[in-house]
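# Working through the structure, step by step
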Protein chains: 4
Amino acid sequence: MIKVGIIGSTGYAGGELVRILAGHKNAEIKWFGSRSYINEKYADVYRNMFQIVDAVCMDDNMEELATQVDVIFTATPQGLCASLVNENILSQTKIIDLSADFRLKDVSVYEQWYKITHQAQQFIEEAVYGLCEVNREDVKKARLVANPGCYTTCSILTAYPLVKERLIDMSTLIIDAKSGTSGAGRGAKLPNLFCEVNENIKAYGVASHRHTPEIEEQLGYAIGEKVVLNFTPHLVPMNRGILATEYAKLTKHVTWEEVKAVYDKYYAGEKFIRVLNEGVCPETKWVEGSNYVDIGFTIDPRTNRIIMMGAIDNLVKGAAGQAVQNMNLMFGEKESEGLELVPMFP
Amino acid sequence: MIKVGIIGSTGYAGGELVRILAGHKNAEIKWFGSRSYINEKYADVYRNMFQIVDAVCMDDNMEELATQVDVIFTATPQGLCASLVNENILSQTKIIDLSADFRLKDVSVYEQWYKITHQAQQFIEEAVYGLCEVNREDVKKARLVANPGCYTTCSILTAYPLVKERLIDMSTLIIDAKSGTSGAGRGAKLPNLFCEVNENIKAYGVASHRHTPEIEEQLGYAIGEKVVLNFTPHLVPMNRGILATEYAKLTKHVTWEEVKAVYDKYYAGEKFIRVLNEGVCPETKWVEGSNYVDIGFTIDPRTNRIIMMGAIDNLVKGAAGQAVQNMNLMFGEKESEGLELVPMFP
Amino acid sequence: MIKVGIIGSTGYAGGELVRILAGHKNAEIKWFGSRSYINEKYADVYRNMFQIVDAVCMDDNMEELATQVDVIFTATPQGLCASLVNENILSQTKIIDLSADFRLKDVSVYEQWYKITHQAQQFIEEAVYGLCEVNREDVKKARLVANPGCYTTCSILTAYPLVKERLIDMSTLIIDAKSGTSGAGRGAKLPNLFCEVNENIKAYGVASHRHTPEIEEQLGYAIGEKVVLNFTPHLVPMNRGILATEYAKLTKHVTWEEVKAVYDKYYAGEKFIRVLNEGVCPETKWVEGSNYVDIGFTIDPRTNRIIMMGAIDNLVKGAAGQAVQNMNLMFGEKESEGLELVPMFP
Amino acid sequence: MIKVGIIGSTGYAGGELVRILAGHKNAEIKWFGSRSYINEKYADVYRNMFQIVDAVCMDDNMEELATQVDVIFTATPQGLCASLVNENILSQTKIIDLSADFRLKDVSVYEQWYKITHQAQQFIEEAVYGLCEVNREDVKKARLVANPGCYTTCSILTAYPLVKERLIDMSTLIIDAKSGTSGAGRGAKLPNLFCEVNENIKAYGVASHRHTPEIEEQLGYAIGEKVVLNFTPHLVPMNRGILATEYAKLTKHVTWEEVKAVYDKYYAGEKFIRVLNEGVCPETKWVEGSNYVDIGFTIDPRTNRIIMMGAIDNLVKGAAGQAVQNMNLMFGEKESEGLELVPMFP
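Values in this document were obtained by computation on a predicted structure and should not be read as measured data. (Residues numbered from 1 in each chain as written. Chains lettered and ligands numbered in written order. Predicted model: local features only at pLDDT ≥ 70, side-chain atom pairs only at ≥ 80, totals over all residues. Heavy atoms only, no water.)

## Side note on the UniProt feature "active site" (unreviewed entry) in chain A
Residue and element names in this part refer to chain A. In this numbering, the UniProt entry assigns the feature "active site" (unreviewed entry) to C150. Mapped onto the fold, C150 is located in helix α8 (residues 150-164). When neighbours within four sequence positions are excluded, C150 is seen to be in contact with H211, I242, I312, N314 and G318. (UniProt positions renumbered as here; feature names shortened; annotations may be inferred. Helix = DSSP H or I, 4+ residues; strand = E, 2+ residues; numbered from the N terminus. Contact = heavy atoms within 4.5 Å.)

Structure representation (structure tokens):
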């Protein structure tokens with residue numbers, strides 16, 4: 001039985017970790033960390049857990065936690081994990097960080113986009129970027145996993161095989177992404193009020209969203225050169241789901257079947273990636289509550305562009321689900337353990 | 001392994017049966033009946049099931065089906081199950097009917113409220129009303145189970161212990177219920193269009209909704225006398241969930257703790273019924289995707305009334321979940337098998 | 001031209017005042033008060049007003065304001081208006097208070113339900129309860145109008161003629177109300193976040209909501225005796241709209257037409273009250289953005305109850321619209337000036 | 001007083017025409033055409049119009065209608081207007097066609113994208129494309145106006161000044177658009193059901209949506225050469241609103257202020273176009289219910305792209321509002337008459 005600690009268990013991603021781990025056969029949460037609700041019953045904060053979770057919220061003491069659990073999930077604001085982690089802790093426990101602290105290998109890029117001084121630079125090199133389908137073998141051996149961002153997971157996986165096979169001109173790649181509101185977190189902020197979000201759609205963080213360098217870095221590894229692209233997130237009046245619509249010029253003439261074969265080359269054995277049939281567009285609702293990535297694409301001969309579309313549940317494959325998938329890899333569990341969640345419709 | 005057939009598998013309740021049974025260890029769906037989509041792939045109708053369900057939709061041939069499966073779920077319009085069922089079928093297989101055909105013992109009441117001539121009156125007496133927490137022992141022995149209505153399940157269970165213990169004056173009982181839109185089914189009807197439902201709330205079927213006699217009959221059995229009450233459903237702009245707010249005069253002075261003890265007397269051992277702490281009101285979101293019934297109540301000393309509130313997911317405890325719970329009872333499975341679904345939030 | 005000042009112009013009710021007054025021929029806003037946004041451009045807070053309103057937000061200085069405007073709207077938290085008003089101010093300007101400070105004639109009831117010490121008790125007697133259709137003549141002569149609460153407006157007007165004509169047994173009256181989320185205000189509070197409200201419905205303030213004594217007092221005046229009733233508000237995932245479903249025993253046998261005649265006796269000449277045809281239930285969407293109250297009712301011969309239903313837009317007839325209607329009466333304007341808003345659908 | 005006839009008055013665009021014209025000082029609707037609801041009271045179909053509109057729905061007899069009214073709005077499916085119009089009709093009345101029948105000058109493009117044989121090709125040349133801000137003078141003299149599509153209006157106006165001034169490389173222009181569900185019309189179709197749209201986002205009509213050639217043709221006129229681009233619409237769970245996010249390479253180095261000056265050159269005098277301040281992104285909610293187009297943009301020096309964003313209410317500026325604006329131009333009315341609608345928030 002894997003003993004699990006969560007720091008930040010009362011955010012939306014933290015709550016989703018608790019939901020998913022409740023169905024995991026070989027994991028048990030030993031520590032429900034939540035700075036904001038210390039000593040309150042977890043089920044008083046998340047009432048869905050009434051009579052399921054009996055625990056009380058604990059503080060963020062990572063040193064203490066490291067002595068008690070096999071793995072710590074940090075579902076916390078940027079900077080917190082880096083400020084707490086040290087060699088002593090990592091020698092006792094594994095860490096899966098759901099924040100951005102260890103996602104970017106170039107610390108100057110991190111500090112520039114996040115406006116934070118990185119407090120644990122010595123671990124950046126060691127940290128494994130936990131995009132399971134891409135870095136599976138490295139994840140298995142990791143002590144410290146940087147769990148990818150929600151937009152990033154969806155954006156990268158949607159384009160990855162085509163990038164890898166140099167089917168698209170990277171200088172033309174544009175990612176227009178749409179997210180449900182849980183991605184904004186559970187903080188009590190005016191822009192996230194029901195009446196501000198409902199019946200509304202907007203772009204935000206245009207040309208400045210922090211997931212941009214993360215996408216660029218990872219796609220850069222795939223193709224072996226520096227990538228610069230446009231990424232534009234939008235806020236959609238729904239709780240869950242990310243849809244990424246991606247545009248790029250094709251580098252050569254290809255048919256739908258040829259592109260499908262390229263996707264299959266990378267994803268045919270991937271349980272959580274579903275490449276849809278021709279003419280089918282992914283919809284976020286079809287993956288809600290599950291760890292799936294649904295991918296579809298259309299070739300436009302008029303413009304010689306391909307339009308790739310990917311859909312995930314931002315709290316599952318975009319956060320807690322992928323974190324558990326990483327945990328399974330790190331501990332030799334079946335990769336899908338606890339994650340065989342059937343999407344809920346409607 | 002229980003072999004399952006579903007007639008009406010492409011309605012919302014049918015789809016939910018498929019979702020839930022996908023996680024059931026000892027059941028396997030052998031027949032995805034759907035008159036509207038015969039020969040189409042099930043996963044083309046419900047894309048959440050892509051790469052999960054490989055089957056093709058079949059017709060409604062209950063005779064044939066009876067020879068192939070151990071249990072048939074009918075998630076079909078009123079009248080269909082009664083028009084198909086016969087002794088030959090029931091001698092070969094069990095039936096769990098999610099329609100109203102066998103819920104009411106008085107056929108004249110059925111025909112009056114549903115405006116349908118009942119075509120299988122000979123099975124009304126035999127049919128067991130499948131409200132598991134109330135009729136568990138009878139369900140275990142049944143060949144034909146009438147799965148309760150969604151509003152009914154929520155309305156009855158919220159009040160049942162107080163009715164049974166004669167704590168409330170039945171002549172004063174009023175049930176004001178609110179439902180998500182999946183309760184209206186997947187038919188392409190103008191009133192169910194997004195733009196008609198969104199940003200809107202209305203009552204409908206006032207003093208004439210068909211779940212009224214069902215609630216009256218069952219609460220009548222509980223108290224041993226004829227019950228007549230007001231039940232008013234409302235349509236809420238959300239996919240899932242029913243909230244029932246119930247008002248009644250108390251027959252004697254009681255404290256919150258005393259009422260809680262009455263609930264506990266009936267529900268303390270019930271896995272799927274959660275009586276909330278004092279001051280907590282149930283919310284449909286806290287049970288979404290699960291088989292739970294959340295119940296709360298407030299005593300108003302100013303009016304000597306009690307306000308009881310119950311919340312369920314209309315597609316789970318209000319339909320498919322309860323149907324699977326009934327199946328588990330009928331086949332000697334663990335009652336909660338396949339139903340240990342943690343509510344999804346947000 | 002009526003010179004208008006608003007204190008609390010950046011709340012949702014304040015914003016709606018600005019929207020409505022923008023279309024009023026004889027009124028001009030001179031002061032956009034907003035403690036939270038002093039010196040910020042109003043159109044930076046409410047971007048719908050970009051290039052429509054050029055003003056900057058001002059503080060809450062009611063003394064100064066009184067010298068500049070003909071009428072002050074206070075769309076502020078409970079207690080603020082009472083803490084600022086005095087004879088000097090009222091001798092210079094009129095006040096329409098959208099808070100509850102002057103709604104209840106019995107100060108002890110106010111202090112008990114609102115947990116605030118009333119700081120201007122000397123004006124309670126003078127204040128006119130601004131339910132225009134009921135108190136029109138008094139409003140015309142008032143210096144200080146207490147603008148009714150949103151739930152209250154809807155609840156009272158839906159039942160008023162039947163109460164007045166003693167058609168219903170007041171001891172049996174139960175009001176089950178449902179509101180959109182703008183009624184909760186624009187404060188950045190966790191329970192009002194999109195993800196907490198969306199796909200959810202709950203009751204709140206059960207047997208304790210502050211609009212209860214206001215409804216009781218006003219209906220008490222109508223019938224000439226003390227009224228005690230149950231009022232239960234619910235939060236609905238939509239921006240605007242209140243639906244009140246009201247239940248009561250009839251005191252005598254009446255037909256639909258007879259009850260309709262009673263409504264017509266009071267409302268036939270009322271522009272903003274629409275009593276719907278037989279069989280039609282009001283829906284909040286049909287009044288959205290307008291000052292209408294839509295009323296429907298059903299008689300249930302089985303229980304001898306009448307079910308009355310009323311729908312309003314909580315920000316218009318439930319707040320800003322009624323406030324402008326009051327202003328029109330106080331200044332001899334056409335009562336509907338600025339309020340001939342056609343409901344927006346969908 | 002302009003006498004108005006509407007064919008298709010019970011669709012969402014038709015209903016919005018009725019709402020807007022109810023506030024127009026010099027126009028009166030004489031004919032509420034609706035093939036589906038002949039002889040039914042209009043206010044029974046759109047209950048928001050109860051006690052506002054007393055008329056009964058009429059058939060589609062354009063010949064008869066032409067003798068009775070000064071202008072006919074056709075808010076009907078593609079092909080209908082072209083099948084009814086003739087010289088006799090146009091000699092008696094003006095027509096504003098909200099369908100696509102006369103939007104495209106190249107009939108082969110129309111027939112290819114719409115799969116309909118055009119039945120009134122003789123009027124294509126004469127028809128004026130009613131994008132008021134671009135073709136104002138031609139509209140004033142027109143007998144037959146082709147009212148632009150919703151996506152088209154938003155997409156063109158957002159980019160128009162930059163196209164006209166050759167600031168962007170047209171071969172790189174990509175339009176990613178998002179629409180509320182009222183754009184799909186009031187037909188009772190499964191994909192538009194509440195439960196299918198709510199909590200969901202998807203692209204549709206990828207590389208094949210019919211508004212593509214309309215955008216291409218109009219932007220082609222602006223720049224004087226053939227334009228081919230990608231346009232991708234998405235369905236968003238909200239009633240109203242279109243947001244277009246547009247990407248293009250800049251043809252030269254420009255500052256935000258320089259681009260703003262280009263917008264101002266074309267739009268400074270335009271009442272209904274609001275170019276937002278630097279750093280502000282348009283949101284559909286800020287224009288809801290109004291005829292405004294809100295435009296914002298960001299220059300990304302990293303990629304040398306500009307990201308332009310435009311927001312409209314699809315039923316107002318995207319349909320009925322622009323149609324009334326055209327009518328005002330055609331009849332010498334003040335262009336904004338009936339259209340001084342303040343956006344409703346929230």
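## Focus: unusual backbone geometry
In this structure, the amide linkage connecting F345 of chain B to the following residue, P346 of chain B, adopts the cis form with an omega of -5 degrees. Here P346 of chain B shows up in the segment after α12 (316-330). With a phi angle near 60 degrees, A207 of chain A is a residue other than glycine that sits in the positive phi range. Positionally, A207 of chain A belongs in the loop between β8 (202-203) and α10 (211-223). Despite not being glycine, N304 of chain D has its phi angle at roughly 60 degrees, a positive value. Tracing the backbone shows N304 of chain D in the loop between β12 (293-300) and β13 (305-312).

## What about the interface of chain A and chain D?
Between chain A and chain D, the residue contacts involve 49 residues of the former and 49 residues of the latter. Taking both sides of the interface into account, the surface hidden between chain A and chain D amounts to around 4000 Å²; carbon and sulfur atoms contribute 55%. Remark: the boundary between chain A and chain D carries four salt bridges. The partner of R302 of chain A in a salt bridge is E216 of chain D, with the nearest N and O atoms 2.5 Å apart. Our count for the chain A to chain D interface comes out at 30 residue pairs in polar contact (both at pLDDT 80 or more). Those elements that provide at least two residues to the side of chain A that touches chain D are β7 (174-179), α9 (194-197), β8, α10, β9 (230-235), β10 (242-249), β12 (293-300) and β13 (305-312) of chain A. Across the side of chain A that touches chain D, the residue classes tally to 22 nonpolar, 13 polar and 14 charged. (Buried area = accessible area lost by both parts, 1.4 Å probe. Salt bridge = Lys/Arg side-chain N within 4 Å of Asp/Glu carboxyl O. Polar contact = N/O pair within 3.5 Å; in protein donor to acceptor, adjacent residues only side chain to side chain. Nonpolar A, V, L, I, M, F, W, Y, C, P; charged D, E, K, R; others polar.)

## Things to note about the relation of the copies chain A and chain D
Expressed as a screw transformation, the operator carrying chain A onto chain D has a rotation angle of 180 degrees and an axial translation of 0.0 Å, and the superposed copies differ by an RMSD of 0.0 Å. Interpreted geometrically, this transformation is the action of a two-fold axis. When C-alpha distances to the rotation axis are compared across chain A, the minimum falls at P237 of chain A, with a value of 3.3 Å. When the interface residues of chain A are mapped onto chain D, 100% of them again fall at the interface, so both copies present the same face. (Least-squares fit on C-alpha atoms with pLDDT ≥ 70 in both.)

## Describing empty space enclosed by the protein
If you walk through the whole model with that rule in mind, you get seven cavities of 30 Å³ or more. The calculated volume of the largest cavity comes to roughly 60 Å³. Around the largest cavity, the lining residues are F194, N198 and P237 of chain A, F194, N198 and P237 of chain B, N198 and P237 of chain C together with F194, N198 and P237 of chain D. Residues of the lining of the largest cavity, tallied by class, amount to seven nonpolar, four polar and no charged. (1 Å grid on protein atoms, 1.4 Å probe; cavity = no way out; pocket = protein on both sides within 12 Å on 5 of 7 lines; lining within 4 Å. Points joined across faces, edges and corners; volume = space filled by probe spheres on them.)

## Observations regarding the state of the cysteines
Summed over all chains, the structure comprises zero disulfides over all chains. Note on C81 of chain B: no disulfide assigned, nearest cysteine sulfur contributed by C132 of chain B at a separation of 17 Å. Free of any disulfide, C195 of chain B has its nearest neighbouring cysteine sulfur in C150 of chain D, separated by 12 Å. (Disulfide = S-S within 2.5 Å.)

## Here's the deal with the sheet that holds strand β5 (residues 128-129) of chain B
The strand order across the open sheet formed by six strands is β2-β1-β3-β4-β6-β5 (chain B), and the pairing between neighbours is parallel. Either end of the sheet is taken by a strand with one partner, and the two such strands are β2 (27-33) and β5 of chain B. (Pairing = 2+ DSSP bridges.)

## Observations concerning the environment of E165 of chain A
Residue and element names in this part refer to chain A. Topologically, E165 is positioned in the loop between α8 and β7. Between the alpha carbons of E165 and I223 there is a distance of 8.0 Å; along the sequence they are 58 residues apart. Apart from residues lying up to four places away in sequence, E165 is in contact with V262, K265 and Y266. A distance of 2.4 Å separates a polar atom in the side chain of E165 from a polar atom in the side chain of Y266.

## Thoughts on the interface of chain C and chain D
At the junction of the two partners, chain C supplies 36 residues and chain D supplies 36 residues. The tally of links from chain C across to chain D stands at zero salt bridges. Summed over the shared surface of chain C and chain D, the result is 10 residue pairs in polar contact (both at pLDDT 80 or more). Secondary-structure elements contributing two or more residues to the side of chain C that touches chain D are α1 (12-21), α2 (42-45) and β11 (273-275) of chain C. Class assignment of the residues belonging to the side of chain C that touches chain D gives a composition of 19 nonpolar, seven polar and 10 charged.

## Some words on the pattern of salt bridges
On inspection of all chains with the given rule, the structure shows 105 salt bridges over all chains. In this structure, D176 of chain B engages K178 of chain B in a salt bridge whose closest nitrogen and oxygen atoms are separated by 2.8 Å. What you see here is one network of salt bridges that share partners, running through E16, R19, R240 and D313 of chain A.

## Digging into the packing of helix α8 (residues 150-164) of chain D against helix α10 (residues 211-223) of chain D
Residue and element names in this part refer to chain D. Contact geometry for α8 and α10: axes closest at 10 Å, N-to-C directions at 25 degrees. Judged by the angle between their axes, α8 and α10 are roughly parallel. Between α8 and α10 lies a crossing of right-handed hand. Contact residues: α8 offers C150, Y151, T152, S155, I156, Y160, V163 and K164, while α10 offers H211, E214, I215, Q218, L219, A222 and I223. In terms of residue class, the contact of α8 with α10 is built from nine nonpolar, four polar and two charged. (Axes fitted to C-alpha atoms, helices over the stretch in contact; angles between N-to-C directions. Parallel < 35°, antiparallel > 145°, perpendicular 65-115°, else oblique. Left-handed = near helix turned anticlockwise from the far one by under 90°.)

## Focus: the sheet that holds strand β2 (residues 27-33) of chain C
All names here are of chain C. Reading across from one edge, β2-β1-β3-β4-β6-β5 is the order of the six strands in this open sheet, with parallel pairing throughout. Single-partner strands in this sheet number two, and they are β2 and β5 (128-129). Two elements, β5 and strand β6 (residues 144-146), share two bridges in a ladder whose sense is parallel. Paired with V128 across the bridge in β6 is V145. Helix-sheet contacts for helix α12 (residues 316-330) involve β1 (2-7), β2, β3 (71-74), β4 (94-97) and β6, and the interaxial angle to β4 is about 155 degrees.

## Considering helix α1 (residues 12-21) of chain B
Buried residues dominate α1 of chain B, accounting for nine of its 10 residues. Y12, G14, G15, E16, L17, V18, R19, I20 and L21 of chain B are the residues of α1 of chain B that are buried. Along its buried surface, α1 of chain B packs onto β1 (2-7), β2, α2 (42-45), β3 (71-74) and α12 of chain B together with α9 (194-197) of chain D. (Buried < 20%, exposed > 50% of the residue type's maximum accessible area, 1.4 Å probe, protein only.)

## Things to note about the relation of the copies chain C and chain D
Both copies of the chain are related through a single rotation about an axis accompanied by a shift along the same axis. When chain C is fitted to chain D, the residual RMSD is 0.0 Å, and the transformation amounts to a turn of 180 degrees plus an axial shift of 0.0 Å. The residues that chain C uses at the interface reappear at the interface of chain D in 100% of cases, marking a shared surface.

## Description of the packing of aromatic side chains
By the definition in use, this model includes 50 aromatic pairs over all chains. When the centroid spacing of 5.7 Å and the interplanar angle of 20 degrees are considered together, the rings of Y42 of chain D and Y46 of chain D count as stacked. Classification of Y46 of chain D by relative accessible area gives buried; the value is 1%. Three or more aromatic residues joined by ring pairs form one cluster here, namely Y12, F32, Y42 and Y46 of chain A together with W286 and F345 of chain B. Just above the ring of F331 of chain C sits the side chain of K94 of chain C; from NZ or CZ to the centre is 5.8 Å. Sitting over the face of the ring of Y46 of chain C, R186 of chain C holds its NZ or CZ atom 4.6 Å from the ring centroid. (Phe/Tyr/Trp six-rings, centres within 6.5 Å; stacked < 30°, edge-to-face > 60°. Lys NZ or Arg CZ within 6 Å of the ring centre and 35° of its normal.)

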